[in-house]
Amino acid sequence: EDLGMKHRLWVYSGRRGVHCWVCDDTVRKWSPALRAATVEYLSLVKVARRAGRKCWHLSRRISFPEWPHCTGSGGRVPVGGAGSAVSMISLDRRPQHRELLQGEFSKKRDSVQRWELLKGRMERTRRGPGAGKNMSCYADWEIMLQYCFPRLDINVSKSIGHLLKSPFSVHPKTGRISVPLDLQRLDQFDPFAVPTISSLCHELDMASHDGEQDGGETEPKRRVRDYKKTSLAPYVRVFEQFVEEMERARRGELLRRSGKC
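Residues numbered from 1 in each chain as written. Predicted model: local features only at pLDDT ≥ 70, side-chain atom pairs only at ≥ 80, totals over all residues. Heavy atoms only, no water.

Per an unreviewed UniProt entry, the recorded name for the protein chain is DNA primase AEP, and the organism is Herpetotheres cachinnans. What UniProt records for the protein chain under Catalytic activity (unreviewed entry) is the sentence "ssDNA + n NTP = ssDNA/pppN(pN)n-1 hybrid + (n-1) diphosphate." In its Sequence similarities (unreviewed entry) section, the UniProt entry covering the protein chain states "Belongs to the eukaryotic-type primase small subunit family." (UniProt positions renumbered as here; feature names shortened; annotations may be inferred.)

Caption draft 1: Highlighting the pairing of strand S2 (residues 18-22). Pairing between strand S1 (residues 8-12) and S2: 5 bridges, direction antiparallel. Paired with valine 11 across the strands is histidine 19, a residue of S2. (Pairing = 2+ DSSP bridges. Helix = DSSP H or I, 4+ residues; strand = E, 2+ residues; numbered from the N terminus.)

Caption draft 2: Just the nonpolar core, in detail. Core analysis: the biggest nonpolar cluster contains 12 residues, these being Leu44, Phe105, Trp115, Leu117, Leu118, Met122, Ala139, Trp141, Ile143, Met144, Leu145 and Phe149. Listing elements by their share of this core, those giving two or more residues are helix H7 (111-127) and helix H8 (139-148). The dominant element in this core, judged by the number of residues it contributes, is H8, at 5 residues. Listed in part, the 9 residues of the second largest apolar core include Ile177, Val179, Leu232 and Val236. (Core = buried A, V, L, I, M, F, W, Y, C linked by side-chain atoms within 4.5 Å. Buried < 20%, exposed > 50% of the residue type's maximum accessible area, 1.4 Å probe, protein only.)

Caption draft 3: Fine view of the confidence of the model for the protein chain. Mean pLDDT over the protein chain stands at 76; residues scoring 70 or higher make up 66%. When mean pLDDT is compared element by element in the protein chain, S1 scores highest at 96, while helix H5 (residues 82-89) scores lowest at 49. Contacts from residues 47-54, a stretch scored under 50 in pLDDT, to residues over four places away or in other chains number 14 contacts. Here residues 71-77 is a poorly scored stretch, pLDDT under 50, and it has 7 contacts once near neighbours within four places are set aside; other chains count. (pLDDT = per-residue confidence, 0-100. Contact = heavy atoms within 4.5 Å.)

Caption draft 4: Quick peek at the state of the cysteines. Applying the stated criterion across every chain, the model contains 0 disulfides. No disulfide involves cysteine 20; its nearest neighbouring cysteine sulfur is the one of cysteine 23, lying 8.5 Å away. (Disulfide = S-S within 2.5 Å.)

Caption draft 5: The packing of aromatic side chains, seen in detail. Across all of its chains, the model carries 2 aromatic pairs by this definition. Between the aromatic rings of tyrosine 12 and phenylalanine 189, the centroid separation amounts to 5.5 Å while the plane-to-plane angle is 70 degrees, which identifies the pairing as edge-to-face. Pair noted here: tyrosine 12 is in strand S1 and phenylalanine 189 is in the loop between helix H9 (154-158) and helix H10 (197-214), with a separation of 177 residues, a long-range link. Residue classification places tyrosine 12 among the buried residues on the basis of a relative accessible area of 4%. The class for phenylalanine 189 is partly exposed, based on a relative accessible area of 23%. Ring centres 5.6 Å apart and planes at 85 degrees place the aromatic pair phenylalanine 168 and phenylalanine 239 in the edge-to-face group. Here phenylalanine 239 lies in helix H11 (residues 233-258) and phenylalanine 168 lies in the loop between H9 and H10, a separation of 71 residues in the sequence. (Phe/Tyr/Trp six-rings, centres within 6.5 Å; stacked < 30°, edge-to-face > 60°.)

Dropping the structure here:
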């Protein structure tokens, strides 16, 4: 939005990543230098590491309402153990915090308690003698940003000759289909429920079997496309809606240029 991009299709990779296909005409013609500059502008975590707090151009719009539950369970919570405490507190490069937290974290029952402990420790440090006015002012927020903001693949984004995975391709390691995401229903998206090549084959076999049993019609009115018989259908519809919106925008732009609207 900051750069005027309007036609963005978000696509699940099939494993653990997300691709953003930017299809604006002007963006598709950008040079590698412009592409690299854009990714640099969006790479808040990288900028924050190198230049302290000079990354607020976008970051003040970001919130983390589900923290510290945002990464799920099974030991993957950011404040899940003493090792995580060391990793997190090292972000502000003060090693004295590691020793204090190393033992205390293991005594807490869950990530919520550990996060409260960590915030309390930062508050005391912030108010301690000799603490600068801006010292740790946004430390807790920066930790959430560090752990939750997506890592961007600069090489894929800046190179116009890089191979790209097409939507609806199959991930070679998981077998899941790379499907477009409906941003209006993103909270309902489950990456583990995405169709796989095996599940689609099974669904097609079942649909074919049901069709044979139903028989009796000499000539069907119109053959239903195979994908509409599978769990892939809603994802195809998301893709179709994206293309239709691009078509409408392009027609509107052509009319505007011709002076007819």
